Amino acid sequence: MGEKIRLDRLVASQMPKISRAEVKKLCLKSKISVNGKTVRRSDIRVDTDDEIIVDGKRIEYKKHIYIMLNKPRGVVCSTKEGSSTTVLDLVPEEMRRSGLFPAGRLDKDTLGFALITDDGELSHKMLSPKSHVPKTYLVRLEKPWEEEYESVMLQGMTIDGGEKCLPAEFKGSKDDPYMCELVLHEGKFHQVKRMFSALGNNVVMLKRIAIGSMALDPELAPGRCLEIMHKDVERLLAK
């Protein structure tokens, strides 16, 4: 058995274009059935495991949804940002539902793995300073990286304004002196750029390639989304 919930609330949560008031109208028009029986009232309580058909479409109930987006440059990690394109604008219709938001932020010019969900509890765990969920970034620098970067970052840098950073893992590319990977365990404002600036270098390109132990799907094109299966969600919190 699943969770007991009002029919109108369940339908509206899974189908963002249908309000609870519209669910009531659909019931009156005999457009909704539960386990094969037409229902006329939208306030009845149903089980989330019930077979619910709305205007010929079966609802596959999910308490929460988790979406991996390969964020392109110029897109804003926000629910609303004036005339700018937001990450929510890139979510395809079949994945949309009420309450979606980006869990954490990427700068407008930063690329890569943005997590979109309606699970506030998971987002809180991911972003909590106590959790230290690692985020891995691919970085292209203006000047070649230097060997000392690894030890300096591992000790915990102090960046502009006197902010102390947690130890971070730096790994320079063996094939390209301008490319490197960086693993952070916190999320200060413009942190990656400020860390390299403190070392006398500048970030030319920044791309998040993993959250926790979940890597960005290498086949996911920029601007495209992929639903994360519930069985894999814990990987977002893995250290």
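Worth saying up front: this structure is predicted, and the values here are computed from it rather than measured. (Residues numbered from 1 in each chain as written. Predicted model: local features only at pLDDT ≥ 70, side-chain atom pairs only at ≥ 80, totals over all residues. Heavy atoms only, no water.)

1. A closer look at the sheet that holds strand β5 (residues 52-54)
Here we have 4 strands laid out as an open sheet, ordered β3-β2-β5-β6, and antiparallel in their pairing. Two strands in the sheet have a free side with no partner beyond their single neighbour: β3 (37-38) and β6 (57-58). (Pairing = 2+ DSSP bridges. Helix = DSSP H or I, 4+ residues; strand = E, 2+ residues; numbered from the N terminus.)

2. What to know about the packing of aromatic side chains
By the definition in use, this model includes 4 aromatic pairs. Here Trp145 and Phe170 contribute two aromatic rings whose centre-to-centre distance is 5.9 Å and whose plane-to-plane angle is 65 degrees, an arrangement assigned as edge-to-face. One end of the pair, Trp145, is in the loop between β10 (135-141) and α4 (148-155); the other, Phe170, is in strand β13 (residues 169-172), and 25 residues separate them in sequence. Taken together, a centroid distance of 6.0 Å and an interplanar angle of 65 degrees make the contact between Tyr149 and Phe196 edge-to-face. Placement of the pair is Tyr149 in helix α4 and Phe196 in helix α5 (residues 191-198), with a sequence separation of 47 residues. Exposure remark for Tyr149: the relative accessible area of 1% places this residue in the buried category. Counting every residue linked through ring pairs, the aromatic cluster contains Trp145, Tyr149, Phe170 and Phe196. (Phe/Tyr/Trp six-rings, centres within 6.5 Å; stacked < 30°, edge-to-face > 60°. Buried < 20%, exposed > 50% of the residue type's maximum accessible area, 1.4 Å probe, protein only.)

3. So, the side chain of Lys71
Along the chain, the position of Lys71 falls in strand β7 (residues 66-71). One buried charged residue, Lys71, forms no salt bridge at all, with the nearest opposite charge on Asp109 at 6.8 Å. A polar contact is formed between the side chain of Lys71 and the backbone oxygen of Val75, at a distance of 2.8 Å. Looking at Lys71, its side chain comes within polar contact range of the main-chain oxygen of Asp107, at 3.2 Å. The residues touching Lys71, leaving out its near neighbours within four places in the chain, are Cys77, Val87, Leu106, Asp107, Lys108, Thr110, Leu111, Gly112 and Ala114. (Lys, Arg positive; Asp, Glu negative; His and termini not counted. Salt bridge = Lys/Arg side-chain N within 4 Å of Asp/Glu carboxyl O. Polar contact = N/O pair within 3.5 Å; in protein donor to acceptor, adjacent residues only side chain to side chain. Contact = heavy atoms within 4.5 Å.)

4. Considering the pattern of salt bridges
In this structure the tally under the stated criterion is 18 salt bridges. Note that Lys188 and Glu186 form a salt bridge whose closest N and O atoms lie 3.7 Å from each other. Bridged by salt links that share partners, the residues Asp160, Glu163, Glu186, Lys188 and Arg194 form one connected network.

5. Looking at the packing of helix α1 (residues 7-14) against helix α2 (residues 20-28)
At a minimum axis distance of 8 Å, the contact between α1 and α2 shows a crossing angle of 115 degrees. α2 is crossed by α1, and the crossing has right-handed handedness. For the pair α1 and α2, contact is made by Leu7, Asp8, Arg9, Val11 and Ala12 and by Arg20, Val23 and Cys27, respectively. Of the residues that constitute the contact of α1 with α2, the class distribution is 5 nonpolar, no polar and 3 charged. (Axes fitted to C-alpha atoms, helices over the stretch in contact; angles between N-to-C directions. Left-handed = near helix turned anticlockwise from the far one by under 90°. Nonpolar A, V, L, I, M, F, W, Y, C, P; charged D, E, K, R; others polar.)

6. Notes on the pairing of strand β14 (residues 179-184)
Burial of β14 is extensive: 5 of the 6 residues sit out of reach of the surface. Of the strand pairs in this sheet, β10 and β14 are connected by 6 bridges, and their pairing is antiparallel. The residue bridging Tyr137 from the neighbouring strand is Leu182, located in β14. Direction of pairing for β13 relative to β14: antiparallel, over a ladder of 4 bridges. Its bridge partner being in β14, Lys171 is matched across the sheet by Glu181. Hairpin connection of β13 to β14: 6 residues between the antiparallel strands.

7. A few points about the layout of surface pockets
In this structure, the largest pocket occupies an estimated 590 Å³ of space. Elements with a minimum of two residues in the lining of the largest pocket: α3 (120-127), β10, α5 and β15 (203-211). Top contributing element to the lining of the largest pocket by residue count: α5, with 3 residues. Partitioning the lining of the second largest pocket into residue classes produces 6 nonpolar, 1 polar and 10 charged. (1 Å grid on protein atoms, 1.4 Å probe; cavity = no way out; pocket = protein on both sides within 12 Å on 5 of 7 lines; lining within 4 Å. Points joined across faces, edges and corners; volume = space filled by probe spheres on them.)

From the geometry alone we can't say anything about function, so treat these as descriptive.
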